[in-house]
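If you want the building blocks of each chain, they are given just below.
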Amino acid sequence: MKYTVLENNRIASKGYAMLSKDAKFTPFEFTRHAVGDNDVLIKILYAGICHSDIHTAKSEWGEATYPCVPGHEIAGEVLAVGKNVSKFKVGDYAGVGCMVNSCGECEACKNSQEQFCENSKTVFTYNSKDVFHDNENTYGGYSNNIVVNENFAICVPKDAALDKVAPLLCAGITTYSPLKFSKVKQGSNIAVAGFGGLGMMAVKYAVKMGARVSVFARNENKKADALAMGASCFYTSTDKSEVKQSFDFIISTIPTFYDPIVYLDLLKFGGEMAIVGLPPLKNEVNINIKDLVYKAGKKVYGSLIGGIAQTQEMLDFSLRHQIYPEIELITPQEIDKAYKNLTSGKAKFRYVIDMTKE
Ligand code: NDP
Ligand code: ZN
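Below is a short write-up of the structure. (Residues numbered from 1 in each chain as written. Chains lettered and ligands numbered in written order. Predicted model: local features only at pLDDT ≥ 70, side-chain atom pairs only at ≥ 80, totals over all residues. Heavy atoms only, no water.)

1. A closer look at the nonpolar core
With 55 residues, the main nonpolar core has Val165, Ile190, Phe195, Tyr205 and Leu315 as its most contacted residues. With seven residues, helix α5 (residues 197-208) is the largest single contributor of residues to this core. Other than its neighbours up to four places away in sequence, Tyr205 contacts Leu168, Gly172, Thr175, Tyr176, Leu179, Met314, Phe317, Ser318 and Ile323. The next biggest cluster of nonpolar side chains, apart from the first, holds 37 residues, and it includes Phe28, Ala94, Ile335 and Ala338. (Core = buried A, V, L, I, M, F, W, Y, C linked by side-chain atoms within 4.5 Å. Buried < 20%, exposed > 50% of the residue type's maximum accessible area, 1.4 Å probe, protein only. Helix = DSSP H or I, 4+ residues; strand = E, 2+ residues; numbered from the N terminus. Contact = heavy atoms within 4.5 Å.)

And the structure:
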């Protein structure tokens, strides 16, 4: 038996949790809700580390619920399926991103924009109230298994490299979605601000879509990587006298304080800026409306992950075109170090935890 069903049909799980915002990760045993008729139980093999995990676990976006088991870039193998499940069978590969359930009935859910469920029933993968299961707190992917509604599991072909698939479930969809929304295409001149886990995926997708891509980073460390991914320019300054070009589209993945107006300045008339990076509350970023009005004729919008249908589309697109993240595999013992590196400029791109290791 690859999993344990307890007497109340709950599933025994173990993972790694932070018990308070300043704690280190510690082994944590817990249970997950029973595998319902529409649910799949997935053995987690790989879990990517997203900067949102850090913001949440360290209560940077408001007080988290502890114990906190982050992780919403999940790839693994189906261990069990409920009796109504048609999308998966035992042994299939599956991915789980930032959501595990929603109402399914409102306009947003019907249009597969489940992250915007109009009945406020989106259940996020961790640190979220599961309104379908007695409001229990959800636990994420830094663990050995997860139970999700089959509609929220993404089909992954058996020949895919699961370790590299994991980050697509958040970093992939969060960048693919606004690139599609803003209709980035052959000949578009675009820029990516913040060149980490999300930024790298934005560069790779935009290059594949035929855009000319520039990267904005804080230092030259990853210039060669950007050029190798197909970027044309790499800047460590947003000064117009150095940049000397303007963009149809800019995506900001910056997770810390910065001034968004400098990027607005670099947009062409009619250009669009998608903001996905979400800095801590203490470093809150605001746009001055006077600047917005005087730099008029440009569109700025926020973007939150992407719906389930588009997540499947992104995964299929990525695998078809062999677009994978640059990853560094780590053991669960190395999560704290990875968090430190990600917050001190020492990380390269995506850390992925090998959840088969103790
Ligand atoms: P990473 O830490 O992997 O990457 C962030 C990158 O931004 C790093 O390379 C960092 O560089 C760079 N950076 C920091 N400050 C600046 C600056 N002022 N100018 C240019 N670059 C800068 O984070 P992720 O890619 O995982 O996540 C990015 C953000 O997106 C986070 O806030 C996260 O919460 C958010 N997010 C939002 C989602 C959504 O749906 N909207 C979904 C997923 C994530 P350095 O290495 O020098 O620090
Ligand atoms: Zn994420």
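2. Quick notes on the site of ligand 1
Taken together, 29 residues lie around ligand 1, and His51, Ser52, Arg218, Ile305 and Arg350 are the ones closest in. A distance of 2.9 Å separates an oxygen atom of ligand 1 from a polar atom in the backbone of Gly197. One nitrogen or oxygen atom from the main chain of Leu198 is found 2.8 Å from an oxygen atom belonging to ligand 1. Computed on the free molecule, ligand 1 has an accessible area of 940 Å², of which 91% lies beneath the protein chains in the complex. Listing elements by their share of the shell around ligand 1, those giving two or more residues are α1 (51-57) and α5. (Near = heavy atom within 4 Å. Polar contact = N/O pair within 3.5 Å; in protein donor to acceptor, adjacent residues only side chain to side chain. Areas by Shrake-Rupley, 256 points an atom, 1.4 Å probe, with all protein chains shown as cover.)

3. Quick notes on the sheet that holds strand β16 (residues 267-275)
Read from one edge of the open sheet, six strands run β14-β13-β12-β15-β16-β17, paired in parallel fashion. Both outer strands of the open sheet, β14 (233-235) and β17 (299-302), are each paired with one neighbouring strand and no more. Within this sheet the neighbouring strands show an average axis-to-axis angle of 15 degrees, counted without direction. Here helix α4 (residues 171-181) sits on the sheet and contacts β12 (189-193), β15 (247-252), β16 and β17; the angle it forms with β15, its principal contact strand, is near 155 degrees. (Pairing = 2+ DSSP bridges. Axes fitted to C-alpha atoms, helices over the stretch in contact; angles between N-to-C directions.)

4. Some words on the coordination of the zinc ion (ligand 2)
Around the zinc ion (ligand 2), the donor atoms from the protein are Cys50 (SG), His72 (NE2) and Cys170 (SG), and they sit 2.0 to 2.2 Å away. The motif formed by the donor residues of the zinc ion (ligand 2), counted along the single chain, is C-x21-H-x97-C. Placement of the pair is His72 in the loop between α1 and β4 (74-81) and Cys170 in the loop between α3 (162-165) and α4, with a sequence separation of 98 residues. Of the two residues examined, His72 and Cys170, each falls in the buried class. (Donors = N, O, S within 2.8 Å, 3.2 Å for Na, K, Ca; no water.)

5. Topic: the pattern of salt bridges
If you walk through the whole model with that rule in mind, you get twelve salt bridges. The salt bridge involving Asp37 is made with Lys83; its shortest N-O contact spans 3.1 Å. Here the residue Asp37 occupies a position in the loop between β2 (26-32) and β3 (39-48), and Lys83 occupies one in the loop between β4 and β5 (93-96), the gap between them amounting to 46 residues. The partly exposed category is assigned to Asp37, whose relative accessible area is 37%. Relative accessible area serves as the criterion here: at 67%, Lys83 is assigned to the exposed category. Note that Asp265 is salt-bridged to Lys295, the shortest N-O span being 3.1 Å. Residue Asp265 is located in the loop between α8 (260-264) and β16, and its partner Lys295 is located in the loop between α9 (289-294) and β17; the two are separated by 30 residues in the primary sequence. Lys295 sits in the partly exposed class, given a relative accessible area of 22%. (Salt bridge = Lys/Arg side-chain N within 4 Å of Asp/Glu carboxyl O.)

6. Focus on the pairing of strand β13 (residues 212-216)
Burial within β13 is extensive, with four of its five residues counted as buried. You can see the chain leave β12, run along α5 and come back into β13, and the turn it takes is right-handed. (Right-handed = clockwise from strand over helix to strand, strands pointing away.)

7. Looking at a positive patch on the surface
Together, Lys24, Lys58, Lys340 and Lys346 give the surface a local cluster of positive charge. Of note, Lys24 is situated in the loop between β1 (11-17) and β2. Under the relative-accessibility criterion, Lys24 is labelled exposed at 62%. (Patch = residues over 30% accessible without salt bridge, like charges linked within 9 Å, V, L, I, M, F, W, Y side chains within 5 Å. Lys, Arg positive; Asp, Glu negative; His and termini not counted. Charge placed at Lys NZ, Arg CZ, Asp CG, Glu CD.)

8. A look at the environment of Phe317
Relative to the assigned elements, Phe317 resides in helix α10 (residues 308-320). Residues Phe317 and Tyr205, spaced 112 residues apart in sequence, show a C-alpha to C-alpha distance of 9.3 Å. Sequence-distant contacts of Phe317, defined by excluding residues within four places in its chain, comprise Tyr176, Tyr205, Lys208 and Ile323.

9. Here's the deal with α5
The end-to-end C-alpha separation of α5 is 17 Å, in line with the 16 Å expected for twelve residues at 1.5 Å each. Burial analysis of α5 places ten of its twelve residues in the buried class, the great majority of the element. Taken together, the buried positions of α5 are Gly197, Leu198, Gly199, Met200, Met201, Ala202, Val203, Lys204, Tyr205 and Ala206. In this structure, the buried side of α5 is in contact with α4, β12, β13, β15, α10 and β19 (350-354). Of the residues trailing α5, Gly210 is marked for its positive phi of about 95 degrees. (Expected span 1.5 Å × (residues − 1).)

10. Describing the packing of α4 against α5
The contact between α4 and α5 brings their axes to 8 Å, and the two run at 50 degrees. By the criterion of interaxial angle, the relationship of α4 to α5 is oblique. Relative to α5, the crossing made by α4 is right-handed. Between α4, through Ala171, Gly172, Thr174, Thr175, Tyr176 and Leu179, and α5, the contact on the second element is made entirely by Gly197, Leu198, Met201, Ala202, Tyr205 and Ala206. Among the residues forming the contact of α4 with α5, the class breakdown is eight nonpolar, four polar and no charged. (Parallel < 35°, antiparallel > 145°, perpendicular 65-115°, else oblique. Left-handed = near helix turned anticlockwise from the far one by under 90°. Nonpolar A, V, L, I, M, F, W, Y, C, P; charged D, E, K, R; others polar.)

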